[in-house]
Amino acid sequence: MAPMAGEDGMDNKLLFDKAVSYITALFKDNSGGHGTDHTFRVYRNAMYIAENEHGCDKEAVGLAALLHDADDYKLFKTVDNSHARAFLRENGFSPVRIDEICKIINSVSFSQNIGRTPDSIEGKVVQDADRLDAIGAVGIARTFAYGGENGRTMGESITHFYDKLLLLRDLMNTETAKRIAIIRHEFMELYLKELFTELKID
Ligand code: NI
């Protein structure tokens, strides 16, 4: 599903469209399109959460969401957010603004920010948006897709639920994300219960 600019998204449609083209081209050679799908869902989650956060800078949230995996160390060998920075520079953002957006991006990663909460509301929103995409029905699908691509057994994929996915509900920053996370968490528990019944290992 393609994301939207406008009413529920970023105000600057041209900038939004350029960002979509930029990341689509970036991920085409690097992750078989999975990165793009995930990025668009994170953008939609982020814009939805931002609606309920007063004083939230929606342009920064939208750009950070769209660019949040543009320099993912698992996919790219870039340093200092060079893909994100190149896009923002090309589109006339000031160095200060670019630093602001990169700071939001860098506060998102789960593995690189254990125990740390983003200090800006924009960072909190984008982090929640990314984490929401790791849980629930989408999270289950992503876990097994990733497991398949990386030669993991079903058991190894299930371990990932306990190592990460089932912890995320209690780590959400915003009330909106907490509300959504509760539903997605319950669904994962239901799924695991049924899975163990079928595997008879409960
Ligand atoms: Ni992500």
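Heads up: the structure comes first, above all this text.
Residues numbered from 1 in each chain as written. Predicted model: local features only at pLDDT ≥ 70, side-chain atom pairs only at ≥ 80, totals over all residues. Heavy atoms only, no water.

1. Considering the coordination of the nickel ion
Stage number 1. Around the nickel ion, the protein contributes the donor atoms His38 (NE2), His68 (NE2), Asp69 (OD) and Asp130 (OD), which lie 2.1 to 2.6 Å from the metal centre.
Stage number 2. Taken together, the four donor atoms coordinating the nickel ion span angles of 80 to 162° at the metal, a pattern that classifies the geometry as irregular.
Stage number 3. Mapping the donors of the nickel ion onto the primary sequence gives the spacing H-x29-H-D-x60-D.
Stage number 4. Accessibility expressed as a relative area gives 15% for Asp69, which makes it buried. (Donors = N, O, S within 2.8 Å, 3.2 Å for Na, K, Ca; no water. Tetrahedral: all angles 85-135°; square planar, octahedral: opposite > 155°, others 65-115°. Buried < 20%, exposed > 50% of the residue type's maximum accessible area, 1.4 Å probe, protein only.)

2. Quick word on the pattern of salt bridges
Oppositely charged side chains can form a pair if their charged atoms are brought close together.
Stage number 1. Scanning the entire structure with this criterion turns up 13 salt bridges.
Stage number 2. Arg85 is paired through a salt bridge with Asp99; the nearest N and O atoms lie 2.9 Å apart. Taken together, the residues span a long stretch of sequence, with Arg85 in helix 4 (residues 82-90) and Asp99 in helix 5 (residues 95-106) at a distance of 14 residues.
Stage number 3. Overall, Asp99 belongs to the partly exposed group, its relative accessible area being 41%.
Stage number 4. Of the charged contacts in the structure, one is a salt bridge between Arg97 and Glu100, with a shortest N-O distance of 2.7 Å. Of this pair, Arg97 and Glu100 both sit in helix 5, three residues apart, which is roughly one turn of the helix. (Salt bridge = Lys/Arg side-chain N within 4 Å of Asp/Glu carboxyl O. Helix = DSSP H or I, 4+ residues; strand = E, 2+ residues; numbered from the N terminus.)

3. With respect to the side chain of His68
Stage number 1. Among the structural elements, His68 can be located in the loop between helix 3 (58-67) and helix 4.
Stage number 2. Looking at His68, its side chain comes within polar contact range of the side chain of Asp69, at 3.1 Å.
Stage number 3. At 3.0 Å, the side chain of His68 forms a polar contact with the side chain of Asp130.
Stage number 4. Each residue touching His68, except ones within four places of it in the same chain, is listed here: His38, Thr39, Val42, Ile105, Val108 and Asp130. (Polar contact = N/O pair within 3.5 Å; in protein donor to acceptor, adjacent residues only side chain to side chain. Contact = heavy atoms within 4.5 Å.)

4. What about the packing of aromatic side chains?
For any pair of aromatic rings, the description rests on two quantities: the centre-to-centre distance and the angle between the ring planes.
Stage number 1. One pass over the structure, following the stated rule, counts six aromatic pairs.
Stage number 2. Residues Phe144 and Tyr191 carry aromatic rings whose centres are separated by 6.3 Å and whose planes lie at 65° to one another, so their mutual orientation is edge-to-face. Placement of Phe144 in helix 7 (residues 136-149) and of Tyr191 in helix 9 (residues 175-199) is noted, with a sequence separation of 47 residues between them.
Stage number 3. A residue is classified by how much of its surface remains accessible, and Tyr191, at 26% relative accessible area, is partly exposed. (Phe/Tyr/Trp six-rings, centres within 6.5 Å; stacked < 30°, edge-to-face > 60°.)

5. Some details on the layout of surface pockets
Stage number 1. Size it by volume and the largest pocket reaches roughly 1,400 Å³.
Stage number 2. Along its surface, the largest pocket is lined by 41 residues, and His38, Asp69, Asp72, Lys74 and Arg142 are the ones closest to its centre.
Stage number 3. For the lining of the largest pocket, the secondary-structure elements that each account for two or more residues are helix 2 (34-51), helix 5, helix 6 (121-132) and helix 7.
Stage number 4. For the lining of the largest pocket, the element with the most residues is helix 7, which contributes six residues.
Stage number 5. Considering only residue class, the lining of the largest pocket consists of twelve nonpolar, 15 polar and 14 charged.
Stage number 6. Approximately 280 Å³ is the volume attributed to the second largest pocket.
Stage number 7. With five residues, the single largest contributor to the lining of the second largest pocket is helix 5. (1 Å grid on protein atoms, 1.4 Å probe; cavity = no way out; pocket = protein on both sides within 12 Å on 5 of 7 lines; lining within 4 Å. Points joined across faces, edges and corners; volume = space filled by probe spheres on them. Nonpolar A, V, L, I, M, F, W, Y, C, P; charged D, E, K, R; others polar.)

6. Side note on helix 7
Stage number 1. Taking 1.5 Å of rise per residue, 14 residues should cover 20 Å, and helix 7 covers 20 Å from first to last C-alpha, within 8% of that figure.
Stage number 2. All of the buried residues along helix 7 are Gly136, Gly139, Ile140, Thr143 and Gly147. Buried positions in helix 7, seen along its axis, are confined to an arc of 100° and lie on one side of it. Residues of helix 7 that are exposed and point over 90 degrees away from its buried face: Gly148 and Glu149.
Stage number 3. Contacts from the buried residues of helix 7 go to helix 8 (154-163) and helix 9.
Stage number 4. Looking one or two residues past helix 7, Gly151 carries a phi angle of roughly 65°, positive in sign. (Expected span 1.5 Å × (residues − 1). Arc of directions from axis to C-beta.)

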